[in-house]
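Chain by chain, the residues run as shown.
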Amino acid sequence: RKEVEQDPGPFNVPEGATVAFNCTYSNSASQSFFWYRQDCRKEPKLLMSVYSSGNEDGRFTAQLNRASQYISLLIRDSKLSDSATYLCVVTPFVRMDSSYKLIFGSGTRLLVRP
Amino acid sequence: DVKVTQSSRYLVKRTGEKVFLECVQDMDHENMFWYRQDPGLGLRLIYFSYDVKMKEKGDIPEGYSVSREKKERFSLILESASTNQTSMYLCASSFGYSNQPQHFGDGTRLSIL
């Protein structure tokens, strides 16, 4: 089983739609969680951190469910510019010598159509 | 804003050449990372460093080495380039402990002919 799993998509939605992605992780001791956005042929960029209490940034809401070991990203009122690949990222809590690594999911592709 | 700068956006080299990819960050981050990204395989960690002169192997270190002589600079070296090392290479840095996000450079698209 992969450490971080995402549905690769693509999710094809009309402008203005609400879309949600989930991401599951296998290590129950994982400490930190992030969502990154990656445009085609560009570098990943941090979208938001995910906190236990859930957090919101404009049209974007991230949630963490430790009991079921998944995080989610909700995008409201989708824009054409939201079209990208969204990467789920988890920090495992392991030995000190590898605790600096992030584990990246393979990404979920979102296409927002006019 | 964090700035991570990679020396080249596009690079073409020949099989057997020694290739250097340079990365510089301006935020005094302790941790620096090299990844490669290939279609269908996602991001794979090659090497990382959590301090000057310190390095740790990632998931796919074979065929690569790294150098970190100064805190702000992390170099990836392909000792003898091969065609299967054609890829997008991404450098990242992060502050201190593992709960901090990583910030990426623009990437270097390397082709080995």
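Data block above holds the structure.
These notes cover the structure that comes with them. Treat the numbers as computed from the prediction; the structure is a model and nothing was measured.

Parameters at a glance
- Residues numbered from 1 in each chain as written.
- Chains lettered and ligands numbered in written order.
- Predicted model: local features only at pLDDT ≥ 70, side-chain atom pairs only at ≥ 80, totals over all residues.
- Heavy atoms only, no water.
- Helix = DSSP H or I, 4+ residues; strand = E, 2+ residues; numbered from the N terminus.
- Buried < 20%, exposed > 50% of the residue type's maximum accessible area, 1.4 Å probe, protein only.
- Contact = heavy atoms within 4.5 Å.
- Salt bridge = Lys/Arg side-chain N within 4 Å of Asp/Glu carboxyl O.
- Pairing = 2+ DSSP bridges.
- Axes fitted to C-alpha atoms, helices over the stretch in contact; angles between N-to-C directions.
- Phe/Tyr/Trp six-rings, centres within 6.5 Å; stacked < 30°, edge-to-face > 60°.

1. Regarding the environment of leucine 110 of chain A
Residues and elements named next belong to chain A.
- Position of leucine 110 among the secondary structure elements: in strand E11 (residues 108-113).
- Here leucine 110 falls in the buried class, since its relative accessible area comes to 1%.
- Through-space distance from the C-alpha of leucine 110 to that of glutamate 56 is 19 Å; in sequence the pair is 54 residues apart.
- Not counting the four nearest positions on each side in its chain, leucine 110 is found in contact with Phe11, Val13, Val19, Phe21, Ile75, Asp82, Ser83, Ala84 and Tyr86.

2. Thoughts on the pattern of salt bridges
All names here are of chain B.
- Applying the stated criterion across every chain yields a total of 10 salt bridges over all chains.
- Between lysine 53 and glutamate 69 there is a salt bridge, and its shortest N-O distance comes to 2.4 Å. Of this pair, lysine 53 sits in the loop between strand E5 (42-49) and strand E6 (56-57) while glutamate 69 sits in strand E7 (residues 64-70); the two residues are 16 residues apart in sequence, bridging distant segments of the chain.
- For lysine 53, a relative accessible area of 56% gives the class exposed.
- By relative accessible area, which is 53% here, glutamate 69 ends up exposed.
- One network of salt bridges, in which partners are shared, links Arg36, Asp38 and Arg44.

3. Looking at the sheet that holds strand E1 (residues 4-6) of chain A
Residue and element names in this part refer to chain A.
- Spatial strand order, E1-E3-E8-E7-E6: five strands in an open sheet with antiparallel pairing. What marks the edges here is a single partner per strand, and that holds for E1 and strand E6 (55-57). Between one strand and the next, the sheet's axes are offset by a mean angle of 20°, whatever the strand orientation.
- One ladder, built from six bridges, connects strand E3 (residues 19-25) with strand E8 (residues 70-75); its direction is antiparallel. Bridge assignment links phenylalanine 21 to a residue of E8, and that residue is leucine 73.

4. Quick look at the packing of aromatic side chains
- The full count for this structure, using the stated rule, is 11 aromatic pairs over all chains.
- With centroids separated by 5.8 Å and ring planes inclined at 75°, the aromatic side chains of phenylalanine 104 of chain A and phenylalanine 104 of chain B adopt a geometry described as edge-to-face. Of the two residues, phenylalanine 104 of chain A sits in strand E10 (residues 103-104) while phenylalanine 104 of chain B sits in strand E10 (residues 103-104), which places them in two different chains. The residues phenylalanine 104 of chain A and phenylalanine 104 of chain B share a single accessibility class, namely buried.
- Ring centres 6.3 Å apart and planes at 25° place the aromatic pair phenylalanine 33 of chain B and tyrosine 35 of chain B in the stacked group. Of the two residues, phenylalanine 33 of chain B and tyrosine 35 of chain B, both sit in the buried class.
- One aromatic cluster in this structure is built from Tyr36 and Phe104 of chain A together with Phe33, Tyr35, Phe48 and Phe104 of chain B.

Functional significance is not addressed by these values, which are geometric in nature.
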